[in-house]
Amino acid sequence: MIRAIAACLTLALILAATATAVLAQQSVSGHPLITPYEGSQGDGEFWQFDEYALVTGFDFEARAAITRPVQGRVTRLDYDNPDDRSELEIFTNYREALDAAGYEAIWSCARDGSCTTGSTRNAFYQANGMRAINGPNSHYTAGTLSYDGRLAYIAVGVGRHTTSIVIVETDEMDRGMVTVSAEALAAGLDADGHVRVDGLLFAHDSDTLLPESQVALEALRDLLAARPNLSLYVVGHTDMTGRLTYNMSLSDRRAASVVTALVEQFGIDTERLVSAGVGPLAPEASNGTEDGRARNRRVEIVAR
């Protein structure tokens, strides 16, 4: 009897796990952001929410791919290439279509010596399962694109026989659609004594500023140059996800990264800048929705 009950429980757990996997993973034939190259055949899978290790470089000394974790709705597509088309021709078509749509590349490479080495062509597959980077003439690009007002991460790899495409649709607002300027920051300070600085973007769960933050940093530089007597608190904010102590630390480190960038890149006097982090303690919106949490993850400046 006990064995029978145990067997039933095991079967129930297996069926439940299978049902969950079916709900989490769906078969798809494509994605609206990218049209398959003419003559390609294939399909893919979609996850409502998952994390993907986006390859953003290759460490030749460590002989391993450099990755950045990104989270959201993940679509993975694999297509068989037409036999009479080269990797370069297929890749160029994808890249031109992406560029025309406003694609911002994070990292791109072509062939052995740029993407990987001859003996490490499986590095992409080991990092995230991408099959296409498997020959001496493989091409790859990773970057971002605005999709329905949100930020989407795109990865396209083209090998001799296969093209692999990954799209990660995040719930993060596309900050590239928001313009930031010294004049706008000054107006906010004059009106309220503090203002959020849109466009300061950090790597996931990190205090590392992303290259896309440069426009916002330059706006802060211009503000400080136009107002030589102005001193600022640079204040980091997070959403409510996670432990309070961790978020307090993360917000403080992110604010410090902004100050460091202003000092090191533009020579701003350290006496004019003080960093601080308040974690989730001063929300700008409800933490009950992803939109609200995205607004709460920010950096503000406060006039001293």
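Residues numbered from 1 in each chain as written. Predicted model: local features only at pLDDT ≥ 70, side-chain atom pairs only at ≥ 80, totals over all residues. Heavy atoms only, no water.

Per an unreviewed UniProt entry, the protein chain carries the name OmpA family protein and comes from Maricaulis maris. Heading Subcellular location (unreviewed entry) of the UniProt record for the protein chain holds this comment: "Cell outer membrane". (UniProt positions renumbered as here; feature names shortened; annotations may be inferred.)

### A short note on the state of the cysteines
On inspection of all chains with the given rule, the structure shows one disulfide. The disulfide partner of Cys 109 is Cys 115, and the S-S distance across this bridge is 2.1 Å. Its S-S torsion of approximately 100° makes the covalent link between Cys 109 and Cys 115 right-handed. Accessibility expressed as a relative area gives 1% for Cys 115, which makes it buried. (Disulfide = S-S within 2.5 Å. Buried < 20%, exposed > 50% of the residue type's maximum accessible area, 1.4 Å probe, protein only.)

### Side note on unusual backbone geometry
Although it is not a glycine, Arg 63 sits at a positive phi angle of roughly 60°. Following the sequence through the fold, Arg 63 ends up in the loop between strand S2 (41–59) and strand S3 (64–80). Overall, the relative accessible area of 44% leaves Arg 63 in the partly exposed class. At Arg 111, a residue that is not glycine, the phi angle is positive and equals roughly 70°. By relative accessible area, Arg 111 is classed as partly exposed at 37%. (Helix = DSSP H or I, 4+ residues; strand = E, 2+ residues; numbered from the N terminus.)

### As for the side chain of Asn 287
Structurally, Asn 287 can be placed in the loop between strand S10 (273–277) and helix H7 (290–296). Relative accessible area serves as the criterion here: at 19%, Asn 287 is assigned to the buried category.

### Some thoughts on the sheet that holds S10
If you walk across this open sheet you meet the four strands as S8-S11-S9-S10, and the pairing is mixed. The two strands at the open ends of the sheet, each matched to only one other strand, are strand S8 (194–196) and S10. Along the sheet, successive strands turn relative to each other by an average axial angle of 20°, direction set aside. Strand direction decides the pairing type here: S8 and strand S11 (residues 298–303), joined by three bridges, are antiparallel. Across the sheet, the residue bridging to His 194 is Val 302, located in S11. Contacts from helix H4 (residues 182–192) reach S8, strand S9 (232–237) and S11 within the one sheet, and its direction differs from that of S8 by about 140°. (Pairing = 2+ DSSP bridges. Axes fitted to C-alpha atoms, helices over the stretch in contact; angles between N-to-C directions. Contact = heavy atoms within 4.5 Å.)

### Concerning the packing of H4 against helix H5 (residues 214–226)
It is the contact of H4 with H5, at a shortest axis distance of 8 Å, that shows an interaxial angle of 65°. Judged by the sense of rotation from one axis to the other, the crossing of H4 with H5 is right-handed. Facing Ala 182, Leu 185, Ala 186 and Leu 189 of H4, the residues of H5 in contact are Ala 219, Leu 220, Asp 222 and Leu 223. (Left-handed = near helix turned anticlockwise from the far one by under 90°.)

### Considering the packing of H5 against helix H6 (residues 244–266)
In contact at an axis separation of 10 Å, H5 and H6 are set at 70° when each is read in the N-to-C sense. As the angle between them shows, H5 and H6 are arranged roughly perpendicular. Facing H5, whose interface residues are Gln 214, Leu 217, Glu 218, Leu 220 and Arg 221, H6 presents Val 258, Ala 261, Leu 262, Gln 265 and Phe 266. Class assignment for the residues of the contact of H5 with H6 results in six nonpolar, two polar and two charged. (Parallel < 35°, antiparallel > 145°, perpendicular 65-115°, else oblique. Nonpolar A, V, L, I, M, F, W, Y, C, P; charged D, E, K, R; others polar.)

### Structural notes on the pattern of salt bridges
Here the structure, examined in full by the defined rule, presents 15 salt bridges. Taking the shortest distance from any N to any O, the salt bridge between Asp 198 and Arg 196 comes out at 2.9 Å. The exposure class assigned to Asp 198 is buried, which follows from its relative accessible area of 16%. For Arg 196, a relative accessible area of 14% gives the class buried. Taken together, the salt bridges that share partners define one network made up of Arg 196, Asp 198, Glu 284, Arg 295, Arg 298 and Glu 300. (Salt bridge = Lys/Arg side-chain N within 4 Å of Asp/Glu carboxyl O.)

### Comments concerning H4
Owing to its 3.6 residues per turn, the α-helix aligns residues three or four sequence positions apart on the same side. Along H4, the residues that are buried comprise Ala 182, Leu 185, Ala 186, Gly 188 and Leu 189. The arc enclosing the buried residues of H4, seen along the axis, measures out at 160°, which places them on a common side. For H4, the exposed residues lying more than 90 degrees away from the buried face are Glu 183, Asp 190, Ala 191 and Asp 192. Against S8, H5, S9 and S11 lie the buried residues of H4. Immediately downstream of H4, the backbone of Gly 193 shows phi near 80°, a positive value. (Arc of directions from axis to C-beta.)

### Considerations on the nonpolar core
The biggest cluster of nonpolar side chains holds 27 residues, and the ones touching the most others in it are Leu 185, Leu 200, Val 258 and Ile 301. Counting residues per element, the ones that place at least two in this core are H4, H5, S9, H6 and S11. When residues in this core are grouped by element, the largest group, six residues, is from H5. Discounting chain neighbours no more than four positions away, the residues touching Ile 301 are Leu 185, Leu 189, Gly 193, His 194, Val 195, Val 197, Leu 220, Leu 223, Leu 232, Tyr 233 and Val 234. (Core = buried A, V, L, I, M, F, W, Y, C linked by side-chain atoms within 4.5 Å.)

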